Amino acid sequence: MNRIKSTRTVLSTAALLSLSIAHAGDMGSKPAPVTMPYFGAEASYNWIQRDEPSVNGISSIASIQHWGGRISAGLLRLHTEKLGFTGEIGGGYYGNESISMPRLSTTGKSSVDGYDVLVGALYKLEKFDVFGKIGFMIENYRTTTNEANLSQITQGSFITGSTYVRENRTQVLPEVRAGGIYNLREDLGLTLTYMHAFGSTPSLTGSISASQATGINQTIVAKAQNPSLDSILLGLRYYIV
């Protein structure tokens, strides 16, 4: 009987010790989060796809400002230890272009900003993650045109005066992104991304003349869709863990 009691006591003690060790292990370790919200901020270098306007055989002189920036917020859902899926929204400014035609007393400016919705996948390596995303961008193409002396454009004094036109064209464009993240620490990464929004190539070519003898004679070919956009973005992503 004493042997049975001793055996029971040993087994009970061993069981309690095992439970205590297991519980202590659970208290000391923190499981990886399944869903991680994040915020991002990026500087961008951009190429707005457009052709320079030409009127009466005179081409414009362009000055391009390529720099812009973007902020974003999203969720990373880890499906496995290595593979995750993301959803993201963001908004950015993607540069501008100024043009001038001194012989026609004409100047203009265009700029692009946009707001995007994206979904994609992310694959985690030891210190480096790669990702791809697809979605759409609501792109705003903003332009201003100032024609200070219409008689120079119409090649005579039949039409005089000036015009100033400001407009904004908004279109929804398909968008793709691909890039990588270098993990500086668990909750912070350095991101490098390539982005393309599928638009068109705005252009304008015209020939205009006006006189009392012949009236107004003009031939204009214009493509007014929003431009395609290419960007290289460098920034930071911060995870809430």
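Conventions we followed
- Residues numbered from 1 in each chain as written.
- Predicted model: local features only at pLDDT ≥ 70, side-chain atom pairs only at ≥ 80, totals over all residues.
- Heavy atoms only, no water.
- Salt bridge = Lys/Arg side-chain N within 4 Å of Asp/Glu carboxyl O.
- Buried < 20%, exposed > 50% of the residue type's maximum accessible area, 1.4 Å probe, protein only.
- Pairing = 2+ DSSP bridges.
- Helix = DSSP H or I, 4+ residues; strand = E, 2+ residues; numbered from the N terminus.
- Phe/Tyr/Trp six-rings, centres within 6.5 Å; stacked < 30°, edge-to-face > 60°.
- Lys NZ or Arg CZ within 6 Å of the ring centre and 35° of its normal.
- 1 Å grid on protein atoms, 1.4 Å probe; cavity = no way out; pocket = protein on both sides within 12 Å on 5 of 7 lines; lining within 4 Å.
- Points joined across faces, edges and corners; volume = space filled by probe spheres on them.

A word on the pattern of salt bridges
Step number 1: All told, the structure shown has 12 salt bridges when counted by the stated rule.
Step number 2: Residue Arg177 is joined to Glu175 by a salt bridge in which the shortest nitrogen-to-oxygen separation is 2.7 Å.
Step number 3: What makes Arg177 buried here is its relative accessible area of 4%.
Step number 4: One salt bridge in this structure joins Arg185 and Asp187, with 2.6 Å as the shortest N-O distance.
Step number 5: On the basis of relative accessibility, which here comes to 47%, the residue Arg185 falls in the partly exposed class.
Step number 6: One continuous salt-bridge network, built from bridges that share partners, spans Glu42, Arg70, Glu88, Asp116, Lys133, Glu175, Arg177 and Arg237.

Section: the pairing of strand S12 (residues 215–223)
Step number 1: Examined bridge by bridge, strand S11 (residues 203–211) and S12 share 9 bridges and lie antiparallel to one another. In the strand pairing of S12, Ile208 is matched with Gln218.
Step number 2: If you look at the hairpin formed by S11 and S12, you'll find 3 residues sitting between the two strands.

Digging into the packing of aromatic side chains
Step number 1: Considering all chains together, one arrives at 3 aromatic pairs under this definition.
Step number 2: With a centroid separation of 5.8 Å and 65° between ring planes, the pair formed by Tyr38 and Tyr239 is classed as edge-to-face. Placement of the pair is Tyr38 in strand S1 (residues 35–48) and Tyr239 in strand S13 (residues 229–239), with a sequence separation of 201 residues.
Step number 3: With 5.1 Å between their ring centres and 75° between their planes, Tyr45 and Trp47 make a pair best called edge-to-face.
Step number 4: Here Trp47 falls in the partly exposed class, since its relative accessible area comes to 40%.
Step number 5: A connected cluster of aromatic rings, assembled from ring pairs, spans Tyr45, Trp47 and Trp67.
Step number 6: Taking NZ or CZ as reference, Lys127 lies 5.6 Å from the ring centre of Tyr182, over its face.

Concerning empty space enclosed by the protein
Step number 1: By the definition in use, this model includes 1 cavity of 30 Å³ or more.
Step number 2: The volume enclosed by the largest cavity comes to roughly 110 Å³.
Step number 3: Together, 13 residues line the largest cavity, and Glu42, Arg70, Glu88, Lys133 and Arg237 are the ones closest to its centre.
Step number 4: Taken together, the elements giving at least two residues each to the lining of the largest cavity come down to S1, strand S5 (67–78), strand S8 (128–147), strand S10 (188–197) and S13.
Step number 5: Ranked by residue count, the leading element in the lining of the largest cavity is S1, at 3 residues.

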